[in-house]
Amino acid sequence: MQLIHETAAFPGLVDLVSERVGGKALVASDEFFAPKENLLKPGRGIFIPDKYTDRGKWMDGWESRRKRTPGYDWCIIRLGLPGVIKGIDIDTNHFLGNNPAYASVEACAAEDFSVASRGTKAVKWIHILPKSPLKPGSQNLFSVTESRRLTHIRLNIFPDGGVARLKVYGEVIPDWNAVKLGSMIDLASVGYGGVVVAASDMFFGSKEHLIMPGRAKNMGDGWETKRRRGPGHDWAIIKLGRAGSVRKIEVDSNHFKGNYPDRCSIDVCSEPVRIVDALTCYDVKWKEILRETKLHPHKRHFFVNELKKNTSITHVRLNIYPDGGVSRMRVWGVVE
């Protein structure tokens, strides 16, 4: 396992343990100062100097008490989206004199995992990150080379201390056997392996928000570009989880009232092998599936009859004119 420079990122990957995609901290050895659930919250955590609880300093993370016996602390987490893990961020933000000295991560593939079975032979834990040193107040980023589909992880900290956030980046591997043949699903959903591979701009809001579960909580939970002062328009490209025929598309401008796009159009392509990203998107043969159409503020727009016939679609490009914010995009279709 190689420690990655802390300014590096994991482009094109999804945080598989985030609470917003269903990740859940199941059990921890100790959470005296701060609860395990904080590990999966968004952001890096905050620090409030004068905030205390009846147990001590309030901390925005998971923090165990000082260990006075042999051993180490640990937390078991269910991935919100099972998949192949590629990278791990153990963030000790604001934990300066109370961060763990080391950490390791184990994982397992157990669809029927239960807290009661965690220590039995039925659960086969594998090390995906060996015991590694942690820096205080830092994003400690590690690459992972394990290729198996995993469902749970166990974060071990040595010997004790606090971690602000844990992010486990990877590729979503859905259970396609659970999808009924001919049923219509959101092919763009992060839950089915959809990925927003590129966007022209995301000054105010990340492109990844477009395919997250549920409706946006606020403007910050959507994709928003800066104000365009020159010619052209903004766009975002979504790689579908599986190729399919698109039957219905939703473009949601929820919360965007004075900064929604004036219009949108949608293009599609069929590139099952080729990588489509910001560098190659102009070489791809895009076909218009929805002509340039008026949008409205703070509204869910559904397009069915307006869509042109299509088949074997692998990527969708949302074009917005000239700029603005879109909270969610759903691409309903049938897997092929």
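Structure: above.
Attention here is on the structure that accompanies the text. Keep in mind that this is a model prediction, so the values were computed, not measured.

This brings us to the environment of I266. The topology assignment puts I266 in strand β18 (residues 263-269). The class of I266 is buried, set by a relative accessible area of 0%. In the structure, I266 is positioned 180 residues away from K86 in sequence and 31 Å away in space, judged by C-alpha atoms. In this structure, I266 is in contact with I249, V251, K287, E288, I289, L290, V316, R317, L318, N319 and M329, ignoring residues within four places of it in sequence.

All right, on to unusual backbone geometry then. The omega angle of the peptide bond from F158 to P159 is -15°, so this bond is cis rather than trans. Residue position: P159 is located in the loop between β11 (150-158) and β12 (162-163). Here Y321 and P322 are connected by a cis peptide whose omega angle stands at -15°. You can see P322 is positioned in the loop between β21 (313-321) and β22 (325-326). Phi at H94 is positive, roughly 75°, even though this residue is not glycine. Counting through the fold element by element, H94 comes out in the loop between β7 (73-91) and β8 (102-108).

About the cut-offs
Residues numbered from 1 in each chain as written. Predicted model: local features only at pLDDT ≥ 70, side-chain atom pairs only at ≥ 80, totals over all residues. Heavy atoms only, no water. Helix = DSSP H or I, 4+ residues; strand = E, 2+ residues; numbered from the N terminus. Buried < 20%, exposed > 50% of the residue type's maximum accessible area, 1.4 Å probe, protein only. Contact = heavy atoms within 4.5 Å.

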